[in-house]
Amino acid sequence: MKRACVIGAGFGGLALAIRLQSSGIDTTVVEARDKPGGRAYYWEREGFIFDAGPTVVTDPACLHELWQLSGRDMADDIELMPVMPFYRLNWPDGVNFDYSNDEGALKREIARISTEDLAGYDEFERYSEGVYKEGYVRLGDVPFLDFVSMVKAAPALVKYQAWRSVYSIVSSFVKSEKLREALSFHTLLVGGNPMKTSAIYALIHKLEKDGGVWWAKGGTNRLIAAMVRHFERLGGKVRLGEPVLHIHTIGDRASEVETTSGWRERFDAVASNADIVHTYRDLLTETPRGPAMARKLTRQRFSPSLFVVHFGIEGTWPGIPHHTILFGPRYEGLLEDIYTHGVLPQDFSIYLHHPTVTDPSVAPPGKSTFYALIPVAHQGKLPIDWDQVGPVLEKRVLDEVGRRLIPDIHDRIVTKFHYAPRDFALDLNAYHGSAFSLEPILTQSAYFRGHNRDDKIKNLYLVGAGTHPGAGIPGVVGSAKATARLMVEDLR
Ligand SMILES: Cc1cc2nc3c(=O)[nH]c(=O)nc-3n(C[C@H](O)[C@H](O)[C@H](O)COP(=O)(O)OP(=O)(O)OC[C@H]3O[C@@H](n4cnc5c(N)ncnc54)[C@H](O)[C@@H]3O)c2cc1C
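Residues numbered from 1 in each chain as written. Predicted model: local features only at pLDDT ≥ 70, side-chain atom pairs only at ≥ 80, totals over all residues. Heavy atoms only, no water.

**Student:** Honestly, unusual backbone geometry in this entry has me stumped. Any pointers?
**Tutor:** Negative phi characterises most residues that are not glycine, and trans characterises most peptide bonds. Here the amide bond leading from Met84 into Pro85 is cis, since omega sits at -5 degrees, within 30 degrees of zero. Mapped onto the secondary structure, Pro85 falls in the loop between strand 6 (80-82) and strand 7 (87-90). A cis amide bond links His468 to the next residue, Pro469, at an omega of 0 degrees. Tracing the sequence through the fold places Pro469 in the loop between strand 20 (460-462) and helix 16 (473-491). Its identity is not glycine, yet Glu46 carries a phi of approximately 50 degrees, on the positive side. Topologically, Glu46 is positioned in the loop between strand 3 (42-45) and strand 4 (48-51). Taking relative accessible area as the criterion, Glu46 reaches 55% and is therefore assigned exposed. Despite not being glycine, His432 shows a phi value in the positive range, around 60 degrees. If you trace the backbone, His432 turns up in the loop between helix 15 (421-428) and strand 20. (Helix = DSSP H or I, 4+ residues; strand = E, 2+ residues; numbered from the N terminus. Buried < 20%, exposed > 50% of the residue type's maximum accessible area, 1.4 Å probe, protein only.)

The following block contains the structure:
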């Protein structure tokens with residue numbers, strides 16, 4: 001039986017491990033932290049469950065597939081609950097917009113904002129459908145290993161004007177600034193600036209429309225636990241609390257994996273789900289390939305980081321939907337400050353996560369769990385002392401949530417803490433503390449993103465947000481499919 005090691009237990013690493021084990025490859029996952037999940041880590045405090053990262057589960061079919069590979073049913077391990085509306089968008093002038101895949105309801109929401117944009121929305125929908133079929137269904141899990149593969153994708157890129165941004169494409173269909181924001185903000189969920197991210201990402205609209213938006217009962221952490229359970233049932237092994245120190249190589253092959261505890265084992269193939277810069281710069285120091293790739297990668301653009309305030313409060317809030325975007329007074333200017341200027345603006349847009357409205361099990365009875373997230377520049381652009389800034393920013397974010405939704409928020413707080421760019425860097429080895437790895441711009445996509453198999457070290461593979469197609473649960477689970485296909489073929 002061939003043996004593989006997957007370094008890192010993020011969504012991408014676990015999806016890959018399940019695929020390998022399902023194909024009869026003896027697979028060991030080695031994870032640095034005490035719990036699996038990576039960005040989808042979690043904390044339990046005073047009876048509140050706080051998921052660290054992903055909360056919006058889209059394209060559940062890509063997850064179901066991981067169970068179907070071995071003839072099992074995901075529903076035996078985890079319940080997915082539908083979320084409706086998908087998001088409530090709220091602007092400072094008090095206007096709300098409920099975004100969902102209920103066609104009639106969505107059209108009524110659009111008409112409330114601008115009836116003249118209804119026809120443009122229909123055209124946008126057709127565009128989104130086309131780009132979804134090309135960019136996600138056809139190319140979402142294809143490993144772009146050589147330039148020829150990119151050339152093959154070129155006609156689709158030209159047809160859908162992939163060089164334009166999502167915001168620019170959306171603006172060609174609808175005139176209302178609010179609708180432009182409503183139809184373009186999704187790229188932020190995968191680390192992309194709507195003003196710069198390729199229009200290909202407009203596919204997210206169709207992805208959500210067809211597949212819905214879901215919540216894993218008990219939290220995203222339960223979905224991770226379900227993946228681990230499924231993997232172990234298949235015979236896979238998970239080693240937690242084992243930071244990998246070295247991927248040893250002999251010639252052009254990865255030979256052994258060594259952790260800080262001294263554990264060291266030989267494998268036929270090694271895949272890294274850890275941060276792409278960390279993998280090359282820190283784990284492959286024995287070979288010239290490591291530092292050379294690290295130099296190349298550190299010249300690329302990385303997605304911003306995030307500042308996340310977790311809080312558990314007294315009371316229940318049936319009027320606050322599961323996902324709310326509280327837009328600030330600026331859109332493009334705010335994005336410029338975060339992505340380009342690297343400053344901490346006075347204003348912000350907040351994504352407010354309120355799981356207890358769907359699933360009261362994540363808080364004690366009569367209490368509610370929330371997180372309020374704002375994108376902030378990564379540490380390479382904004383090297384500030386988060387020990388000092390964190391508490392001040394935390395208060396400002398809570399004040400804004402209080403001003404717009406929960407007036408006596410400070411009096412209701414039972415427990416609270418925040419997670420800053422520095423934490424992403426320290427806990428996850430994330431380069432510059434980026435929350436989503438390489439920025440999803442056209443020149444860093446597909447062939448121009450991290451390759452699923454290293455070009456020089458023949459049995460070294462990559463999986464996760466730094467590889468094609470990129471961040472987000474469907475993205476990294478798609479990258480696992482591409483990487484697994486290569487590994488299974490190579491190990492045959
Ligand atoms: C706050 C937040 C909210 C998000 N919201 C959403 C959302 O709603 N929906 C969505 O689809 N996506 C969302 N995303 C994006 C999504 O969570 C990520 O893109 C995805 O989870 C990344 O998965 P990954 O496979 O790249 O691995 P990661 O989650 O990055 O995991 C990598 C793992 O490697 C481990 N590791 C690192 N170095 C080592 C080492 N030396 N040895 C061993 N292990 C190591 C890390 O500890 C980690 O567990 C969000 C992200 C964040 C941060």
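After presenting the structure, the write-up continues.
**Student:** Please explain the site of the ligand as it appears in this structure.
**Tutor:** In the vicinity of the ligand lie 40 residues, with Gly12, Glu31, Arg39, Asn273 and Ile473 positioned nearest. Take Thr55: an N or O atom from its main chain is 3.0 Å from an oxygen atom of the ligand. For the ligand, whose unbound accessible area comes to 1,000 Å², protein coverage reaches 97%. Mapped by element, the contributors of at least two residues to the shell around the ligand are helix 1 (11-22), helix 10 (276-283), strand 18 (367-376), helix 15 and helix 16. (Near = heavy atom within 4 Å. Polar contact = N/O pair within 3.5 Å; in protein donor to acceptor, adjacent residues only side chain to side chain. Areas by Shrake-Rupley, 256 points an atom, 1.4 Å probe, with all protein chains shown as cover.)

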